Amino acid sequence: MKLHLLLLPVLVALAVGCGSRAPAQPESVQVKITGMHCEGCAETITKKLRQAGGLLRSDIHFSNDVQTVHYDGARTEVDRMVAVITNLGYEVELVSDAR
């Protein structure tokens, strides 16, 4: 019984994360996405990037030539985001990487 009481703080700390998550590392990348035809395309890309994790903000609009994606470098990387976009059927060209 005493052992359970001693482990309780440890279990609680694990359950709430106890600050173990790495702090956000805001980074941004500019990409050219070919194949978008409407704002719905841009919304789909943003939604899928958000679901993949690490997206902080995206400035993706189908009418822009260059798109800016702001992400948490501690949770994702450029190659992973490019894969998400290409898996949706779009072509992606890296314009600048402000890591």
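Residues numbered from 1 in each chain as written. Predicted model: local features only at pLDDT ≥ 70, side-chain atom pairs only at ≥ 80, totals over all residues. Heavy atoms only, no water.

**Q** Mind showing me how you'd approach the overall build of the protein here?
**A** Helix and strand counts for the protein come out as 3 helices and 4 strands. Secondary structure elements of the protein occur, N-terminal to C-terminal, as α-β-α-β-β-α-β. Contacts in the protein between residues far apart in sequence, at least 24 positions, make up 62% of those at least 6 positions apart. Accessible surface for the protein amounts to roughly 6,700 Å². Of this, 56% is attributable to carbon and sulfur atoms. (Helix = DSSP H or I, 4+ residues; strand = E, 2+ residues; numbered from the N terminus. Contact = heavy atoms within 4.5 Å. Areas by Shrake-Rupley, 256 points an atom, 1.4 Å probe, with all protein chains shown as cover.)

**Q** It is not clear to me how the environment of serine 63 should be interpreted in this structure. Could you clarify?
**A** Inspection of the secondary structure puts serine 63 in the loop between strand S2 (55-59) and strand S3 (67-72). Taking the C-alpha atoms as reference points, serine 63 and alanine 42, separated by 21 residues in sequence, lie 9.4 Å from one another.

**Q** Hey, could you run me through the packing of helix H2 (residues 39-52) against helix H3 (residues 78-87) in this one?
**A** The packing of two helices is summarised by the inter-axis angle and the distance between the axes. Two elements in contact, H2 and H3, have axes whose closest approach is 10 Å; the angle formed by their N-to-C orientations is 135 degrees. Overall, the two elements H2 and H3 adopt an arrangement that is oblique. Our pair here, H2 against H3, has a crossing hand that is right-handed. For the pair H2 and H3, contact is made by Ile45, Lys48, Leu49 and Ala52 and by Arg80, Met81, Val84 and Ile85, respectively. (Axes fitted to C-alpha atoms, helices over the stretch in contact; angles between N-to-C directions. Parallel < 35°, antiparallel > 145°, perpendicular 65-115°, else oblique. Left-handed = near helix turned anticlockwise from the far one by under 90°.)

**Q** Could you clarify how one ought to interpret the nonpolar core in this entry?
**A** As a rule of thumb, soluble globular proteins bury nonpolar side chains together. Counting residues in each nonpolar core, the largest one holds 17 residues, and the members touching the most others are Ile33, Met36, Ile45, Leu49 and Ile60. Looking at this core, the elements with two or more residues in it are strand S1 (26-34), H2, S3 and H3. (Core = buried A, V, L, I, M, F, W, Y, C linked by side-chain atoms within 4.5 Å. Buried < 20%, exposed > 50% of the residue type's maximum accessible area, 1.4 Å probe, protein only.)

**Q** How should the confidence of the model for the protein be read in this particular structure?
**A** As a general rule, the predicted coordinates of low-pLDDT regions are not to be interpreted in detail. Residues of the protein with pLDDT of at least 70 account for 74%, and the chain-wide mean is 82. Averaged pLDDT values for the elements of the protein fall to 48 in helix H1 (residues 2-16) and rise to 96 in H3. Counting contacts from residues 1-8, a segment whose pLDDT is below 50, to residues more than four positions away or on other chains yields 0 contacts. (pLDDT = per-residue confidence, 0-100.)

**Q** Honestly, the pairing of S3 in this entry has me stumped. Any pointers?
**A** Each regular strand shows side chains that alternate between the opposite faces of the sheet. With 6 of its 6 residues buried, S3 lies for the most part within the structure. Where S1 lies against S3, 6 bridges are found, and the strand directions are antiparallel. Paired with glutamine 30 across the bridge in S3 is threonine 68. One ladder, built from 4 bridges, connects S2 with S3; its direction is antiparallel. What sits directly across from serine 58, in S3, is valine 69. (Pairing = 2+ DSSP bridges.)

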